[in-house]
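One-letter residues, chain by chain:
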Amino acid sequence: MTEPEPEQAAVVPLYLRVAAALRSDLADRQISPGSRLPSERSLAHRYHVNRQTVRSALQLLRAERLVVTDRRGTFAAGSQHRSHVPALTAHRQTFPGGAEAADALVRASLSWEAPPASTAGRLALAPGEPTLVHRHVVLSPGGTPLQRSVSWFSRPAVAEVPQLARYRRVGSAVSQPDLRLLYHWMHQAGLRLTRRESIAVPRASATGVGDGTARLVVHRVVCDQHGHALEITDIDFAAHGAAWTYEFTG
């Protein structure tokens, strides 16, 4: 099987490295559809991690429907498993700014800033207190901004999600961060998420997105099981140049 890349160890969580190695083996058919994966103990020994790390990696692959687990063990998903997946069932929710952020027409960054006063209280922050902010811009081939989004994270989110907390140690902005698995990280931290979004059509462009003739703005609030805000995101995009897709999982 393909080994995880050692140079990624300081950046990528161990369970994601193990999942990436197994995902590569599945894609290359080194693990053929329907065949049984090695035991958790064997995988832990192979990748020099503990069994809980292996379990987290397998949980992620199950969410992606790449493997299935029953009383006999864990198996590479075959056509008989995929045939039971409803056509309209969406993949796991992802956060913007992932692998596609490497594209020259996408710019993403993470930094520490104080949110607007109107937002600070909702994020459990004192006025002027900085927090983690994610900025994401999608550009047209000509360099015109088609979409801008700004996400502010609450104090509880940064405290309870280790993958966010590690950015406290970063002194300057992080370019092209990979937060695709943000919601998976939140679930892994024991947070049960609810997401509320409101959509509006603004009268005039205040952000320089598109040509100002067809735009939408989306305000998203992601809360935990206690109703505490974890993430507040504002998205402004040119409606004629981007699609907005809602995905639901059962």
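Please refer to the structure placed before this passage.
1. Quick word on the overall build of the chain
Okay, step 1: The number of helices and strands found in the chain is eight helices and nine strands.
Okay, step 2: Out of the 250 residues in the chain, the part that is buried amounts to 38%.
Okay, step 3: Taking as baseline every contact in the chain between residues at least 6 positions apart, the subset at least 24 positions apart corresponds to 60%.

2. With respect to the pairing of strand β5 (residues 145-153)
Okay, step 1: Within β5, seven of the nine residues are buried, which leaves the element mostly enclosed by the surrounding structure.
Okay, step 2: In this sheet, β5 lies alongside strand β4 (residues 131-139) in antiparallel orientation, the contact comprising seven bridges. Each bridged residue has a counterpart across the sheet, and for H136 the counterpart in β5 is S149.
Okay, step 3: Counted along the chain from β4 to the antiparallel partner β5, the turn is five residues long, and its residue G143 has a positive phi close to 95 degrees.
Okay, step 4: Relative to strand β9 (residues 229-238), β5 is paired through seven bridges, and the arrangement is antiparallel. Residue pairing in the sheet places W152 in a bridge with I232 of β9.

3. Observations concerning the pairing of strand β2 (residues 73-76)
Okay, step 1: One ladder, built from four bridges, connects strand β1 (residues 67-70) with β2; its direction is antiparallel. By the bridge assignment, V67 is partnered in β2 with A76.
Okay, step 2: Here β1 folds back onto β2, and the loop between the two strands holds two residues.

4. So, unusual backbone geometry
Okay, step 1: For H48, which is not glycine, the phi dihedral falls at a positive 60 degrees.
Okay, step 2: Of note in the backbone geometry, A124 takes a positive phi value of approximately 60 degrees without being a glycine.
Okay, step 3: Looking at the secondary structure, you find A124 in the loop between α5 (117-120) and β4.
Okay, step 4: By relative accessible area, A124 is classed as partly exposed at 37%.

So, how was this worked out
Residues numbered from 1 in each chain as written. Predicted model: local features only at pLDDT ≥ 70, side-chain atom pairs only at ≥ 80, totals over all residues. Heavy atoms only, no water. Helix = DSSP H or I, 4+ residues; strand = E, 2+ residues; numbered from the N terminus. Buried < 20%, exposed > 50% of the residue type's maximum accessible area, 1.4 Å probe, protein only. Contact = heavy atoms within 4.5 Å. Pairing = 2+ DSSP bridges.

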